[in-house]
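Listed here are the chains, written in short residue letters.
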Amino acid sequence: YQRRVHGDEQLFAKVRGQGDPWKEIFDSFCAFGSGNRGAAEMDGVKFAKMCRDTGLLDKKFTSTDVDLIYKKCLKTGQRKMRFEEFKSSCMPAVADKKGLSMEELLNRVSNSGGPSSSGTVAQANKFHDDKSLYTGVHQHGGPSTIDNQNTLANIVSDHNMLTADIRGVVHRRV
């Protein structure tokens, strides 16, 4: 199988342009996988994806640390993070754990290329793709699901044509 990876280069082009770069990063990862409507809040899965896709994870900063920082930044009873919490508490905690300044963290995250999706593409299979290699029934178009001889009407008409004598011997009516 081959791996396909797509980066969200258009969304991340805005990060290097105008506006708050943290807001653009937050919005791009929130909107990933949400369809056209996007999302205004980031859940733990998308925060972990952001850390993974931007290359922040290493031996010093693990996925367990990501989950702990995410939960620490949320208020009690809250399940999703708003942009204010992302910028004011989560990203400084990540920078502290990584031993980076906020500017270094911003450069690292914004230069990553944004959220990516990966999938597999099936390889060619000559026995499936090349119809000249088909054998047996499939060489002639495959099996048929329509059997002209055993329809319900044929069975009923055949049954009506049969009679049995007193000893149970079946005879065909003429």
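S.K.: Would you explain helix α5 (residues 83-98) in this entry?
M.R.: Each α-helix turn comprises 3.6 residues. Residues three or four places apart therefore point the same way. Under the 1.5 Å per step criterion, the end-to-end length of α5 is 21 Å for 16 residues, consistent within 8% with the ideal 22 Å. At C90, α5 shows its largest bend, some 35 degrees, and a proline, P92, comes one to four positions later. All buried positions along α5 are accounted for by F83, E85, F86, C90, M91, V94, A95 and K98. Summarising the contacts, the buried residues of α5 are in contact with α2 (21-31), α3 (44-53), α4 (63-73) and α6 (102-110). Phi turns positive one or two residues past the end of α5, at G99, with a value near 80 degrees.

S.K.: I keep staring at the nonpolar core and nothing clicks. Help me out?
M.R.: Soluble globular proteins: nonpolar side chains tend toward being buried together. Core analysis: the biggest nonpolar cluster contains 27 residues, and F47 and F86 have the highest contact counts within it. For this core, the elements supplying multiple residues, two or more each, are α2, α3, α4, α5 and α6. With 6 residues, α5 is the largest single contributor of residues to this core. Dropping the residues within four chain positions of it, F47 is found in contact with M42, V66, Y70, M81, F86, C90, M91 and V94.

S.K.: I'm lost on the environment of G114 in this one. Help?
M.R.: If you trace the backbone, G114 turns up in the loop between α6 and β2 (116-121). Its relative accessible area of 3% is what places G114 among the buried residues. Distance from G114 to F29, taken between C-alpha atoms, is 7.5 Å for residues 85 residues apart in sequence.

S.K.: Help me understand the pattern of salt bridges, please; the structure alone is not making it clear to me.
M.R.: Opposite charge on two side chains allows them to pair when their charged atoms are near. A complete count under the given rule lists 7 salt bridges for this structure. Residue K98 is joined to D58 by a salt bridge in which the shortest nitrogen-to-oxygen separation is 2.7 Å. Placement of K98 in helix α5 and of D58 in the loop between α3 and α4 is noted, with a sequence separation of 40 residues between them. Its salt-bridge partner being D65, residue K97 comes within 4.0 Å of it at the nearest N-O pair. Of the two residues, K97 sits in helix α5 while D65 sits in helix α4, which places them 32 residues apart along the sequence. K97 sits in the partly exposed class, given a relative accessible area of 35%. One network of salt bridges, in which partners are shared, links E41, R82 and E85.

What counts and what doesn't
Residues numbered from 1 in each chain as written. Predicted model: local features only at pLDDT ≥ 70, side-chain atom pairs only at ≥ 80, totals over all residues. Heavy atoms only, no water. Helix = DSSP H or I, 4+ residues; strand = E, 2+ residues; numbered from the N terminus. Expected span 1.5 Å × (residues − 1). Bend = angle between axes of the 7 residues up to and from the residue. Buried < 20%, exposed > 50% of the residue type's maximum accessible area, 1.4 Å probe, protein only. Contact = heavy atoms within 4.5 Å. Core = buried A, V, L, I, M, F, W, Y, C linked by side-chain atoms within 4.5 Å. Salt bridge = Lys/Arg side-chain N within 4 Å of Asp/Glu carboxyl O.

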